[in-house]
Every structure is written in C-alpha cells, then in structure tokens.
Amino acid sequence: MEQTFFSEPIQNKGIRNTTLVWFSLSLVLFLVPAAFGFLMRSIQGNLLQDSHHLFYHFLTSHGLLMVGIWFTSAMALLTFSLSKYVKPRVGMYIVSLSLIVVGALMSLWAVFIGDMATGWYFLYPLPMRIGTATGRIVFLSSIGVLGVGWLLWSIDLLLAIAKKYTLPETLGWHYIFGESGREVPPIIMIAVVSLIAIIVCILIAVILLLLYLLEIASSVVNDALLMKNLVFVFGHTVANMNLYLVIAVFYEYFPKFGGGEFKNGRMLAIVWNSVLGIVLFAYFHHLYMDFIQPTVVQYIGQFASYGAGVAAATFTIFSVLAFVSTHKMNWNFSSLLLFISVAMWTIGGVAALIDATIPVNFKMHNTLWVPAHFHTYYFTGAATMILSFMWTIACEVSGAGEQPWMKKFLLPLLLAGASGFLLMFYFGGLHSIPRRYEVYPVELSEGTAYAKAAAYSILLFFAGYIVFMGMVLKRFLRGMKT
Amino acid sequence: MKLQTTIFVIWIISTVIVIAAFVVVYLHSKVKPSSITYEIINSRRFKFFYIVVILFLALFFVALSYTPYTREGKADEIIGVKARMFSFVLTKDTVDCGKLIEFRVAAEDVTHGFGMYDSAGTLLGQVQAMPGYINRLRIQFDTPGKYNIFCLEYCGSQHHQMKTSLIVK
Ligand code: HEM
Ligand SMILES: [Cu+2]
Ligand SMILES: [Cu+2]
C-alpha cells in the first residue's frame with residue numbers, strides 16, 4: 001500500500017507519538033462507556049436484574065465519557081493533521097490531554113462514588129438535589145477541568161494558525177470579497193470556525209459553573225430557564241463542533257482517495273462563515289418544550305437548525321457525492337468506512353431536522369427518537385470517521401497494510417451491529433417510548449423488546465470492534481517505536 | 001395516521017433515497033471517469049441549493065402554523081398541575097370529551113416533563129415542568145378513555161415511575 005497522506009505529520013515525532021498515545025488510550029477507554037451502553041439496553045430489556053439501581057449512573061457516565069472521548073479524539077486528529085501546515089506546541093498538547101484525562105476520571109468518581117447521576121447535561125437544579133456534597137463539587141469541577149483542557153488546546157491551535165495566516169485570511173474573506181490573496185486550505189478555515197465556536201461555548205460554560213458555585217457558596221437561587229439555556233449552548237455546541245472538527249480533516253484527506261482535492265473558494269467561504277453565525281442559535285431547539293421561552297426564539301431555533309441542514313446537504317454532502325461519482329476511488333477499509341459515515345451522518349441528520357420541527361418535537365422530544373438520531377450522526381457518523389482516519393494513520397505509521405477480509409467481513413459486521421442497535425432506537429421513537437427510562441412501564445412495554453434486540457446487536461458490534469481495536473493498537477505500537 | 005407513523009415513514013423513505021444515492025455513486029466511482037467532470041457537477045450545485053432552500057422554507061412556514069404555543073381564545077377548563085419528585089398532583093383528574101383543556105404546569109423541586117399519552121400508548125403532546133415557571137399546554141380530547149401522564153424529563157432515581165392518569169368522559 002503506497003499511501004502517504006500523513007507523511008508530514010508522521011515526521012513530527014512529538015505530535016505523532018502524543019497523538020498515537022491518545023488514540024490508543026481512547027480506543028481502550030471507549031470500551032468503558034460502550035459497556036455502559038450495553039448494560040443500559042440490557043437493563044431496559046430485562047436481561048439484567050442486579051444492576052438496575054445503577055442505570056442512571058451508567059447513563060450519565062456514558063454520555064459524559066463518550067462526548068469527552070470523541071471530542072478529544074477529534075481535537076487530536078485535527079492537531080495531527082494541521083501539523084502539516086502549522087506548528088502546534090507539543091507541550092500544550094500534552095498538558096491539555098492530561099487535564100482531560102484527569103477531568104474524565106473525576107467525572108467517573110463523581111458519578112459513581114459521589115452519586116451524581118444527573119444525566120450528561122446535568123439540568124439545573126437536579127445537581128443541587130441529588131448526590132453527595134463532595135460529589136457535587138467534584139462533578140462540577142470535572143466539567144471545569146475538561147473545559148480548561150479544551151480551551152487551552154483550542155487557543156494554542158488558533159495561535160499556531162495565527163503565526164502563519166491572518167484571521168480574515170483563515171475565514172476566507174478574501175475569497176468572499178473577491179480580493180487576491182493566498183490560498184487557504186479548507187481544513188484551516190473550517191478549523192478556525194469550529195475553534196472560535198468552541199471557545200465561545202466554553203466561556204459560556206464558565207458562567208454556568210460560576211452560577212452553580214455562587215449557589216453552593218451562598219443562598220442565591222438561580223433561574224432554571226437561564227441555566228437551561230446556558231447548559232445547552234455548551235452541550236449542543238460541543239457535540240456539533242465535534243463533527244465539524246472531523247469534517248475539517250475530512251475536507252483535506254477524503255479527496256486524496258480519488259487523487260483530487262477540495263479547493264477553497266468563494267462559496268465555501270460564505271457557507272462556513274454563515275455556519276459560524278447560524279450554529280450558535282440552533283441550540284434553541286432543545287428548549288422548544290419550554291413554552292415560556294419567547295416564541296420568536298423558538299422560531300429562530302427552527303430556522304437556524306434548518307440553515308445548518310441546508311449548509312451540510314448542499315456543500316459537504318453534495319461535494320462528497322459529486323467527487324466520488326467523478327473520480328476513480330481507491331476503495332480501501334478507510335475510504336469505504338468514511339463514505340459510509342457520511343451516509344450515516346446524512347441519515348441521522350434527516351432524523352434530527354425532522355425533530356427540529358416544532359410540531360414534531362411536541363410529540364417526539366425526549367422519546368427514543370432523540371438518541372436514535374444523535375447516535376446515527378455522532379456514533380456511526382463522527383466517531384466512525386475518526387476510527388477510519390485512525391486506520392489510515394495506523395497503516396501509514398507501521399507500514400503494514402490491510403487484509404482483504406476487513407472490507408469483506410469486518411465492515412459488514414460492524415455495520416450490521418451498529419445499524420441494529422440504532423434501528424431499535426428509531427422503533428422506540430415511533431412508539432413514543434421515552435428516553436432515559438430504567439424500566440419501561442407496562443403501558444409502553446414494546447420498549448422492552450426493542451431494548452433486548454438492541455443489546456444483542458451491540459454484541460455483534462463489539463465482536464467486530466475488538467478485532468479492529470487489536471489491529472490498530474498493534475500498528476500504533478509498531479509506529480511509535482520507529 | 002398518527003404523526004409518529006407519518007414521521008417514521010418519511011424518515012424511512014429519506015433513508016432509502018440516501019442509501020440509493022450513495023450506492024449509485026459508489027458504483028459509478030468504480031468505472032472509468034466519464035465525460036461528466038467534477039466541475040460540471042459543481043456547476044449544478046446551485047440548482048440543488050435552490051431546491052433545498054425552497055423545500056426548507058416551505059416546511060418552515062407550514063410548521064409555524066402548527067406550533068403548540070397559540071394562546072388565542074379562552075380554554076373551556078383549566079387544570080393546575082404540580083410536578084415533584086416523583087409524582088404529579090392535578091387539581092382535577094376527570095374531564096369532559098371535546099372540551100379544550102389548558103394544563104398549567106409547574107414544578108416544585110427540579111425540572112420534570114409532562115407527557116400526555118392516549119390509551120394506546122401514543123404521545124399526544126408534552127410540555128416541560130420547570131421550577132419557578134408555569135407552562136401552559138392546551139389539549140382537546142376527542143375520545144373518551146384513560147389517558148396516562150408520564151414524566152418526560154429525567155428528574156432522578158424514580159423518574160421512570162413518575163406517572164398519573166386522567167379520565168376523559
Ligand atoms: C457502543 C456504542 C454505543 C452504545 C451501545 C450506546 C448506548 C446508549 C444508550 C443505551 C443510551 C441511553 C438511551 C436512553 O436514553 O434510554 C445512550 C445515551 C447516550 N449516548 Fe450512547 N451508545 C453508544 C455510543 C455512543 C457514542 C459514540 C456517543 C457519542 C460520541 C454516545 C453518546 C450518548 C449520549 C450523549 C447519550 C445521552 C446520555 C443522557 O441521556 O444523559 N453514545 N447511549
Ligand atoms: Cu419527574
Ligand atoms: Cu422525570
């Protein structure tokens with residue numbers, strides 16, 4: 001296999017080895033929240049009786065760890081890929097990763113020992129009412145530590161980019177205004193847009209945490225609606241930026257599988273600049289069922305959600321289809337998995353847009369339709385894209401290629417397991433089954449059967465994943481030694 | 001057809017279309033490049049863009065006329081709802097068929113969800129129950145029977161057991 005997509009990043013030993021260490025850690029760490037996911041479906045499907053009381057702990061920890069792991073892996077993938085153009089500091093990279101690992105461990109402690117089973121978006125005032133006093137402090141601090149890790153890292157990446165490009169350049173304003181200027185690769189532009197949005201939403205999370213601390217330290221009582229708005233600016237945006245960080249890398253590398261490239265230009269610059277404007281307003285769709293929120297804000301939420309959908313469909317997805325249909329692609333395990341992830345992202349995106357429609361949300365909000373769509377674009381979309389790139393990197397650092405059976409058997413196995421798991425969520429949504437229920441009430445007992453089927457599908461996925469993980473880890477280890 | 005079924009069917013159809021598009025494109029990538037280049041397809045992007053924008057704008061305005069936020073006219077009856085860990089207290093648990101009921105939903109401790117299910121287990125509508133606020137949800141019941149109310153916002157260890165019912169005569 002004579003691929004050299006990542007030859008420059010691989011030569012940067014510090015960045016390379018830090019990335020490989022994190023990737024290896026994340027592949028193994030993923031098994032923890034994944035096992036929680038399996039246990040949750042088993043409890044809901046009545047396959048497991050003993051750990052019932054832990055359901056909401058699994059739920060909270062699963063959400064936090066999954067988002068934490070995949071967001072961090074997306075940042076690591078971006079840092080690695082960007083090092084072709086700019087020089088991120090290895091020291092800051094390691095500091096951020098260490099903070100994130102500490103934050104993740106603190107959150108595990110807070111949830112299971114501190115009893116903070118708050119759900120991953122810890123909706124105020126629930127964290128003030130449950131858990132131990134220490135658990136509460138550790139929980140909120142763990143979010144703070146994660147936030148600081150991501151913040152330092154984002155700032156460092158932006159600084160590294162700023163050493164080479166000016167801000168208007170990175171945002172492609174010279175393309176928009178038709179001025180002459182340097183060529184700016186899409187990966188830089190999309191990275192800058194995402195990093196700015198990430199920094200804004202982390203700063204908002206700081207306000208949220210300070211309000212919590214104020215309430216803990218004094219007798220001030222916070223406003224529940226304000227706190228809900230704050231937590232969703234943060235949670236929604238972090239989850240969405242996770243995808244955009246990967247898309248930045250995708251723009252750079254996917255076309256290489258067909259021997260071409262995605263060029264930056266006027267339209268692309270306009271689209272990503274508007275995405276920056278739109279994306280921070282889309283979070284309002286999480287508050288549709290709070291009728292006291294000003295109605296015009298609800299409409300803005302629906303408009304912004306649709307806007308993000310239009311941008312994704314007519315640019316990224318259209319480009320991928322147009323590119324692939326006109327190029328002779330090198331279909332290996334990575335490129336095929338990437339292509340499938342884009343399809344999954346589209347399918348989940350359609351389900352998300354449907355749910356972002358107010359009258360639909362009235363009947364689907366907080367049902368299993370929600371985990372159905374976000375797992376489709378987050379798990380089989382964004383996370384799977386990262387796994388695909390890990391595979392390419394693993395092959396390149398080790399010089400070991402892939403075996404033909406991976407495309408023929410491993411990929412269908414992973415796909416079948418994941419799709420079965422997802423489909424059961426969609427069926428749950430169809431039947432109005434609530435999300436986040438430890439046990440389904442007799443009136444909604446279809447939920448139990450779907451959960452059981454999902455648990456078996458997850459096992460199929462695990463079988464494939466373990467094989468994949470082993471092959472990647474072996475290659476990473478070999479790569480680190482050279 | 002209930003809304004949930006319609007939505008599911010729409011999603012399935014979209015999914016089939018997406019998969020078909022990806023498969024066709026995939027098969028195309030295995031044959032020799034044809035005379036249609038990336039640049040030519042790129043020039044058709046605007047057509048696609050306009051179609052998508054018009055579709056979404058239409059959907060946007062249609063959706064706006066079906067939102068649950070309308071407050072026009074007076075409700076026939078008002079029922080107060082208080083949600084707390086882990087029960088609902090309703091000022092009244094029997095209502096008459098065909099009347100427009102306004103639920104004024106409040107919460108005592110943490111945020112809960114007020115989800116109204118019909119006797120077949122279909123979610124008719126919902127609203128959040130947030131401390132410090134009163135949310136007004138209007139529903140008109142057209143069929144007599146027993147309706148179940150489930151909590152639809154995670155509120156702690158007994159969240160899944162938080163329910164009550166309403167009789168429509
Ligand atoms: C092995 C794969 C996975 C399995 C088996 C799994 C399973 C589950 C289950 C059973 C739930 C609870 C559903 C309910 O509300 O009843 C859930 C929730 C969730 N999952 Fe996953 N999941 C997987 C992968 C992922 C990935 C890759 C991500 C993110 C990158 C993710 C993020 C979340 C989040 C944020 C929640 C919501 C937690 C909450 O409600 O507080 N999951 N998952
Ligand atoms: Cu409740
Ligand atoms: Cu609840």
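Residues numbered from 1 in each chain as written. Chains lettered and ligands numbered in written order. Predicted model: local features only at pLDDT ≥ 70, side-chain atom pairs only at ≥ 80, totals over all residues. Heavy atoms only, no water.

## Some points on the overall build of chain A
Argument step 1. The helix and strand inventory of chain A stands at 18 helices and 0 strands.
Argument step 2. Since a compact globule built from 482 residues should have a radius of gyration of about 23 Å, the 22 Å found for chain A is in line with a globular shape.
Argument step 3. Viewed in the frame of its principal axes, chain A has a C-alpha envelope of about 55 × 50 × 40 Å.
Argument step 4. Here the analysis covers contacts within chain A between residues at least 6 apart in sequence; of these, 81% occur between residues at least 24 apart.
Argument step 5. Surface accessibility of chain A: about 15,800 Å² in total, with carbon and sulfur atoms responsible for 71%.
Argument step 6. For chain A, the separation between the mean place of its 26 positive charges and that of its 19 negative charges on side chains is 8 Å. (Helix = DSSP H or I, 4+ residues; strand = E, 2+ residues; numbered from the N terminus. Rg over C-alpha atoms; globule rule 2.2 N^0.38 Å. Contact = heavy atoms within 4.5 Å. Areas by Shrake-Rupley, 256 points an atom, 1.4 Å probe, with all protein chains shown as cover. Lys, Arg positive; Asp, Glu negative; His and termini not counted. Charge placed at Lys NZ, Arg CZ, Asp CG, Glu CD.)

## Re the pattern of salt bridges
All names here are of chain B.
Argument step 1. Per the stated rule, a full pass over the model turns up 13 salt bridges over all chains.
Argument step 2. A salt bridge links Glu-77 to Lys-92; the shortest N-O distance between them is 2.4 Å. Here Lys-92 lies in the loop between strand E2 (87-90) and strand E3 (94-95) and Glu-77 lies in strand E1 (residues 77-84), a separation of 15 residues in the sequence.
Argument step 3. For Glu-77, a relative accessible area of 15% gives the class buried.
Argument step 4. For Lys-92, a relative accessible area of 35% gives the class partly exposed.
Argument step 5. Through salt bridges with shared partners, a single ionic network connects Glu-102, Arg-104, Arg-136 and Arg-138. (Salt bridge = Lys/Arg side-chain N within 4 Å of Asp/Glu carboxyl O. Buried < 20%, exposed > 50% of the residue type's maximum accessible area, 1.4 Å probe, protein only.)

## Quick word on the coordination of the iron atom of ligand 1
All names here are of chain A.
Argument step 1. Bound to the iron atom of ligand 1 are the protein donor atoms His-62 (NE2) and His-375 (NE2), situated 2.0 Å from the metal.
Argument step 2. Between the 6 donor atoms coordinating the iron atom of ligand 1, the angles at the centre fall across 86 to 180 degrees, so the site counts as octahedral. Placement of His-62 in helix H4 (residues 55-82) and of His-375 in helix H16 (residues 369-398) is noted, with a sequence separation of 313 residues between them. (Donors = N, O, S within 2.8 Å, 3.2 Å for Na, K, Ca; no water. Tetrahedral: all angles 85-135°; square planar, octahedral: opposite > 155°, others 65-115°.)

## Quick word on the packing of H4 of chain A against helix H10 (residues 186-217) of chain A
Residues and elements named next belong to chain A.
Argument step 1. At a closest axis distance of 12 Å, the pairing of H4 and H10 adopts a crossing angle of 140 degrees. Pair H4 / H10 crosses with left-handed handedness. Contacts from Phe-71, Met-75, Leu-78, Ser-81 and Leu-82 in H4 reach Ile-187, Ile-188, Ala-191, Leu-195 and Ile-198 in H10. (Axes fitted to C-alpha atoms, helices over the stretch in contact; angles between N-to-C directions. Left-handed = near helix turned anticlockwise from the far one by under 90°.)

## A word on the nonpolar core
Argument step 1. Judged by nonpolar contacts, the single largest core of 190 residues is most densely connected at Trp-272 and Phe-476 of chain A.
Argument step 2. Element by element, the count of residues in this core is highest for helix H11 (residues 224-253) of chain A, at 21 residues.
Argument step 3. Looking at which domains feed residues into this core, each of domain 1 (3-64) and domain 2 (77-168) of chain B supplies at least three.
Argument step 4. If sequence neighbours within four positions are ignored, Phe-476 of chain A has contacts with Leu-20, Phe-23, Ser-24, Leu-27, Met-390, Ile-393, Ala-394 and Val-397 of chain A.
Argument step 5. With 45 residues, the next largest nonpolar core counts Leu-126, Ala-356 and Phe-362 of chain A together with Ala-83 of chain B among its residues. (Core = buried A, V, L, I, M, F, W, Y, C linked by side-chain atoms within 4.5 Å. Domains from an automatic or database assignment.)

## Quick notes on the domain arrangement of chain B
Argument step 1. Parsing chain B into structural domains produces domain 1 (3-64) and domain 2 (77-168).
Argument step 2. For domain 1 of chain B versus domain 2 of chain B, the separation of C-alpha centres amounts to 40 Å.

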